[in-house]
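# Overview (structure and organization)
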Amino acid sequence: MSRFPVTTVALIAVCIGYLIAPMGMAAVNVAIPVLAEDLQASAIKVSWLPTLYILANVAFMLPFGKLADNYGRKRVYAYGLLLNALSALMCAIGTDIDWILFWRFMQGAAGAMIFSTGVAIITSVTPSHKRGAALGVLAACVYIGLTLAPAVGGWLTELLGWRAVFYFQIPLVIALLILMKLKLHGEWKNEHHSRFDWIGSAIFITFACTLVYGLSKLPSLLGFALLLVSLLSLVGFIVHQSRDRQPLIRVQMFRESRVFSLSLSTSFLMYGSNFAIIFLLSLYLQYIKGFSPAYAGQILLMQALCMAIVAPFAGKLADRFQPRIIATIGCSIVAVGFLFLIQISPDTTAFYIGGSLGLVGLGFGLFSTPNNSAIMGAVKEQEVGVASASMNLSRTIGNLVGMSLVNLMMHYYIGDANFGPESNPALMSTISLALLMSLSFVIIASVISAVRGKQ
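A brief look at the structure comes next. All values reported here derive from a predicted model rather than from experimental measurement.

### Re the nonpolar core
Y18, Y77, Y284, F338, I344, M410 and I431 are the most contacted members of the largest nonpolar core, which totals 157 residues. The greatest single-element share of this core, amounting to 19 residues, is contributed by helix 1 (residues 6–39). Apart from the residues lying within four places of it in its own chain, the contact partners of I431 are L280, Y284, I288 and I344. By size, the runner-up hydrophobic cluster in this structure holds five residues, among which are A314, I326, I333 and L366.

Have a look at this one:
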C-alpha cells in the first residue's frame, strides 16, 4: 500500500472509518429490545439511546470541524476513532441504563469528530473533477455500514447477547488506527490558525441540548420554556457568528450561495424523515410482529443495501449532470416509498416492509451523493472543513429533530411503561404518526431540491 498515492490511502482510511461508525451506531437499534429487557429500562429511557448519540453529534460537529481546520483533519479523525472505541467498551461493560446513556453520548461526540473531518480529508486530496466519484464511494461505505448493521446487530444479539454489539467495534478501530499510523502520511489543515470561538461553541451546544430536552418535555411548561431558550440560543449564535471576526462558521456562506443553503435545507429534511424510522421499525418487527433480532435485522438491511448499490453510480451522475436533478429524482422515489410504508399494520407481511424500505433506500442513494457534491462544490477551498461539518450538521440536526419528535410521540402514547404486548397498540399509533411526519418532510424536501438552482 506504500506504493499507492496519498489520495488512495486517504480514501481507504476514511472509507473504513465511515463503515465502522455507522455500523456501530445502527447495530445498537436492533439490540435495543434485548438490552431494555436485560436492564429493565423503560420505553422513554430506551428512546434516548439513539437520541443522545445524535445530540452529541449535533452539539460538537461545528467545534470539531473548526479544530480540524486549525490543528489537522487527520489528527481529529484519529482521536475520534479512539474515543469511539473507548465509548463502545464502556457501553459493553455497563450494568445500568444511565451509564450506557452517558457513554452513548460520548460515542456520539466521537462520531462528530469522525464525520466532521472525513469528507474534508477527501475533499482536500481529491481533484475537483473527481470529487463526486470519491464522495460516491464514501457514501457507499456509509450505506454498506448501515446495510451490515441490522444483520450484524441481530446476529450478535441472538448468538452472544447485546454487549457483543459494542465489543465488535473495538478491534476494527484499533486495526484502522494502526493502518493510518503506518501508511497515511501527511496532514491537512489551514496554513494559518484562526482563534477558536469558545463562546459560539457554548451557545450552539446550549441550543442543541435545550432543543432535544425541551421537545421531550412537551407539553409541559418546562418543555416550552426550554424550547424558548433553544430558539433564543440559535438566534444568539447566528448574531454572534455574523459579528465575530473568526467564527466557527461564516453565516454569510448561506447568503452567498443559494445552492449551499438550499442543499443543506434539503439534507435536513431528508435525514429528519429517515433516522427514527429504522429505530421504530426495529421495535415493530420484534414486538408487534414477533420476529427474532436476526430476522428483523435482515429485513431492515434492505434500505441501506439499496443505498450502497446506488450511491456510487449517483456520484458519477453528479459529475456529469446537475446534482439537483439527480437528487430531486431521489427525493421523489423516497416519497413513494413512504407512501407504501404508511399503509403498514400488525398484519403487514415482511416482504411488503422490505420492499418499501428498498424503495426508500433506492431514492436515498440517488439523493445523498449528488446533494453532498453540491454542498462541497459551493464553498471556497479554505472552508471545506467547515462545509464538511455543516453538511454533516444538517444531516445530524435532521436526525435529531426527527428522533426528538418521535420521543415526544412515544412519551404521549406509551409514557414510562415498559415495552410489552399491552403497549403494542400505542406503539403502532406512534409508528403511524411518525411515518406520516416523514412523508411530509420528504415532500417539502423534494420541492426545495427542485428549486435550489444550478451549481
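### Observations regarding the side chain of S356
Tracing the sequence through the fold places S356 in helix 14 (residues 350–376). Here Y352 takes part through its backbone oxygen, which lies 2.9 Å from a polar atom of the side chain of S356. Those residues in contact with S356 that sit more than four places away from it in its chain are G337, F340 and L341.

### Considering the packing of helix 11 (residues 258–288) against helix 14
One way to put it is that helix 11 packs onto helix 14 with a least axis distance of 10 Å and a crossing angle of 155°. Considered as vectors, helix 11 and helix 14 are oriented roughly antiparallel to each other. At the point where helix 11 passes helix 14, the crossing takes the left-handed sense. Residues belonging to the contact of helix 11 with helix 14 are distributed by class as follows: 16 nonpolar, seven polar and no charged.

### Some remarks on the environment of F260
Mapped onto the elements of the fold, F260 is located in helix 11. Considering only alpha carbons, one finds F260 and N372, 112 residues apart in sequence, at a separation of 9.7 Å. With near-sequence residues (within four places) excluded, F260 lies in contact with M253, F254, I375, A378, V379, A387 and S390.

Cut-offs and rules
- Residues numbered from 1 in each chain as written.
- Predicted model: local features only at pLDDT ≥ 70, side-chain atom pairs only at ≥ 80, totals over all residues.
- Heavy atoms only, no water.
- Core = buried A, V, L, I, M, F, W, Y, C linked by side-chain atoms within 4.5 Å.
- Buried < 20%, exposed > 50% of the residue type's maximum accessible area, 1.4 Å probe, protein only.
- Helix = DSSP H or I, 4+ residues; strand = E, 2+ residues; numbered from the N terminus.
- Contact = heavy atoms within 4.5 Å.
- Polar contact = N/O pair within 3.5 Å; in protein donor to acceptor, adjacent residues only side chain to side chain.
- Axes fitted to C-alpha atoms, helices over the stretch in contact; angles between N-to-C directions.
- Parallel < 35°, antiparallel > 145°, perpendicular 65-115°, else oblique.
- Left-handed = near helix turned anticlockwise from the far one by under 90°.
- Nonpolar A, V, L, I, M, F, W, Y, C, P; charged D, E, K, R; others polar.

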